[in-house]
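What follows is the residue order along each chain.
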Amino acid sequence: MRFSITYMNISESKLAEAFRDVGGHLECAEIIRENSSNKNDIREIALEGVNIKNKKIIIDLGCGFGFFTQALCNRVDPGAVVTGIDCFGEYSDVYFNLCKKCGFKGKFNNSGVDALQAFERNCVDLILSSYSLYFFPRILPQLARILDTSGTCVFITHSGSHLKELYYLVLKALYKNGYKQLKTLPYDELVNNFSGDNGYRQLSEHFRSIEKKDFINELIFSAQATEKFLQYFRHKKSFLVPDFLINDYKIIQKVEEELINHIIKTGEIRITKDDTIFICTNPIKK
Ligand SMILES: C[S@@+](CC[C@H](N)C(=O)[O-])C[C@H]1O[C@@H](n2cnc3c(N)ncnc32)[C@H](O)[C@@H]1O
């Protein structure tokens, strides 16, 4: 079977750009961990019941620094090969170090999702992807092609209402500062691409069996944690502020003022951070 080459489209690559900053990404993960109301490890819940021991060829798609790969530590067969795929080579060192620490053979490919084309039909036993599929749901047919008939895909993604309070605070600040015509923000594109709300329908075109698990969570920032909250916002800024305003220092300042005023007035802010896990088997080969 032949596949056409798929390059990242412009909006896909613009939205992904926030993740080029490895340090910022790690910092943001720490903020999420510290400020989550749900202290369970979503990766543990995602992998519950998945027989990891018999998986030899494993991919972590949109791996970043290896958040999902890390959950395989002390779980995989010593002969397993885990390939992290990302569009930023900046993650390579941190990814290799993680695999070394976990004691399995790691590979890293920075060609982005185009790297999937090099995988043979039915050759992968386990595909993991956390908080990444919304950048490239177009590759679902590729995943169904390369996944072994007895293989498993585990996807972690955001729910449709993820970050809604932050989203509306930003929209309100932009409205107050003259951008009354704005009805949507860049983040809508990601949620529309793939989320806990529309994911099942999309996946059912490519997998015969899908299990869905909801992970209910909130990010809670007290007024004392305002600086952390701002740091979190700055990391998410390119999803929440339209492209044409992203370098407008004055507007960003106004948005941040709105966020600070809100947290001071209410004493804390609670932001919906519900996620969804999809476990897919029985790939449909097209
Ligand atoms: C929200 S981060 C998630 C990273 C990691 N899976 C985690 O859970 O922390 C999204 C990741 O997808 C990567 N990404 C975005 N577009 C991509 C593409 N076209 N191909 C491969 N990776 C991509 C980004 O570089 C980033 O590392």
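Going by the structure above, here's the rest.
All values reported here derive from a predicted model rather than from experimental measurement.

J.: Quick one: what's the story with the sheet that holds strand S9 (residues 275-283), residue by residue and with numbers?
T.: Across the sheet, seven strands lie side by side as S3-S2-S1-S4-S5-S9-S6; this open sheet has mixed pairing. Because the sheet does not close on itself, it has two edges, and the strands there are strand S3 (105-109) and strand S6 (207-215). For this sheet the average axis-to-axis angle between neighbouring strands, irrespective of direction, equals 15°. Two strands pair when backbone bridges link them, and strand S4 (residues 124-130) and strand S5 (residues 147-158) are joined in this way by six bridges, in the parallel orientation. Looking at the pairing, Ile127 lines up with Cys153 of S5. Lying on the sheet, helix H4 (residues 92-102) is in contact with strand S1 (57-61), strand S2 (81-85) and S3; it crosses S3 at an angle near 165°.

J.: Before we move on, can you summarise the packing of helix H6 (residues 164-176) against helix H10 (residues 249-266) with the specific residues and values?
T.: For the pair H6 and H10, the least separation of the axes is 9 Å and the interaxial angle reads 125°. The angle between H6 and H10 falls in the class oblique. For the crossing formed where H6 meets H10, the hand is right-handed. For the pair formed by H6 and H10, the contact residues are Leu166, Leu169, Val170, Lys172, Ala173, Leu174 and Lys176 on the first element and Ile251, Lys254, Val255, Glu258, Leu259 and His262 on the second. Along the lines of polarity and charge, the residues of the contact of H6 with H10 split into eight nonpolar, one polar and four charged.

J.: Tell me about the packing of H6 against helix H9 (residues 226-240), and please be specific about residues and values.
T.: For the pair H6 and H9, the least separation of the axes is 12 Å and the interaxial angle reads 75°. By the angle between their directions, the pair H6 and H9 is classed as roughly perpendicular. Taken together, the residues of H9 that come into contact with H6 (itself represented by Leu166, Tyr167 and Val170) are Phe229, Tyr232, Phe233 and Leu240. Considered class by class, the residues forming the contact of H6 with H9 number seven nonpolar, no polar and no charged.

J.: Quick rundown of the site of the ligand? Include the residues and the values.
T.: Around the ligand, a shell composed of 20 residues is seen, among which Gly62, Asp86, Val113, Ser130 and Tyr131 lie nearest. Here a nitrogen atom of the ligand sits 2.8 Å away from a polar atom, N or O, in the main chain of Gly62. At 2.7 Å from an oxygen atom of the ligand is found a side-chain nitrogen or oxygen belonging to Asp86. Protein contact buries 97% of the 600 Å² of open area that the ligand shows by itself. Structurally, the ligand is housed in the largest pocket. Grouping the constituent residues of the shell around the ligand by class yields 13 nonpolar, six polar and one charged.

J.: Describe in detail helix H2 (residues 22-35), supporting the description with residues and values.
T.: An ideal rise of 1.5 Å per residue puts 20 Å on 14 residues; H2 measures up with 20 Å between its terminal C-alpha atoms. Among the residues of H2, Val22, Gly24, His25, Cys28, Ile31 and Asn35 are the ones counted as buried. For H2, the elements touching its buried residues are H4, strand S7 (218-222) and H9. Looking at where H2 begins, the residue whose side-chain oxygen comes 3.3 Å from the main-chain nitrogen of Gly23 is Asp21.

J.: Tell me about the layout of surface pockets, and name the residues and values.
T.: Its boundaries defined by the atoms lining it, the largest pocket holds a volume of some 990 Å³. Considering the residues around the largest pocket, the lining is formed by 47 residues, among which His25, Ala29, Phe65, Phe67 and Tyr131 are closest to the centre. Along the lines of polarity and charge, the residues of the lining of the largest pocket split into 23 nonpolar, 14 polar and 10 charged.

J.: Talk me through the packing of aromatic side chains; I want residue IDs and the actual numbers.
T.: Applying the stated criterion across every chain yields a total of 13 aromatic pairs. Between Tyr134 and Phe135, the ring centres sit 5.3 Å apart and the planes meet at 55°, which makes this aromatic pair tilted. Owing to a relative accessible area of 6%, Tyr134 belongs among the buried residues under this scheme. Phe135 gets classed as buried once you look at its relative accessible area, which sits at 10%. Ring centres 5.9 Å apart and planes at 70° place the aromatic pair Phe194 and Phe278 in the edge-to-face group. Note that Phe194 is positioned in the loop between helix H7 (187-193) and helix H8 (199-203) and Phe278 in strand S9, a separation of 84 residues in sequence. Accessibility assignment for this pair places Phe194 and Phe278 in one class, buried. Put simply, the rings of Phe19, Tyr134, Phe135, Tyr187 and Phe239 touch in pairs and so form one group of aromatic residues. The lysine or arginine in question, Arg43, covers the ring of Phe67, its NZ or CZ lying 4.1 Å from the ring centre. Stacked on the ring of Tyr175, the Lys or Arg Lys180 has its end atom at 4.9 Å from the ring centre.

Cut-off values and rules
Residues numbered from 1 in each chain as written. Predicted model: local features only at pLDDT ≥ 70, side-chain atom pairs only at ≥ 80, totals over all residues. Heavy atoms only, no water. Pairing = 2+ DSSP bridges. Helix = DSSP H or I, 4+ residues; strand = E, 2+ residues; numbered from the N terminus. Axes fitted to C-alpha atoms, helices over the stretch in contact; angles between N-to-C directions. Contact = heavy atoms within 4.5 Å. Parallel < 35°, antiparallel > 145°, perpendicular 65-115°, else oblique. Left-handed = near helix turned anticlockwise from the far one by under 90°. Nonpolar A, V, L, I, M, F, W, Y, C, P; charged D, E, K, R; others polar. Near = heavy atom within 4 Å. Polar contact = N/O pair within 3.5 Å; in protein donor to acceptor, adjacent residues only side chain to side chain. Areas by Shrake-Rupley, 256 points an atom, 1.4 Å probe, with all protein chains shown as cover. 1 Å grid on protein atoms, 1.4 Å probe; cavity = no way out; pocket = protein on both sides within 12 Å on 5 of 7 lines; lining within 4 Å. Sits in = over half its atoms within 2 Å of the grid points. Expected span 1.5 Å × (residues − 1). Buried < 20%, exposed > 50% of the residue type's maximum accessible area, 1.4 Å probe, protein only. Points joined across faces, edges and corners; volume = space filled by probe spheres on them. Phe/Tyr/Trp six-rings, centres within 6.5 Å; stacked < 30°, edge-to-face > 60°. Lys NZ or Arg CZ within 6 Å of the ring centre and 35° of its normal.

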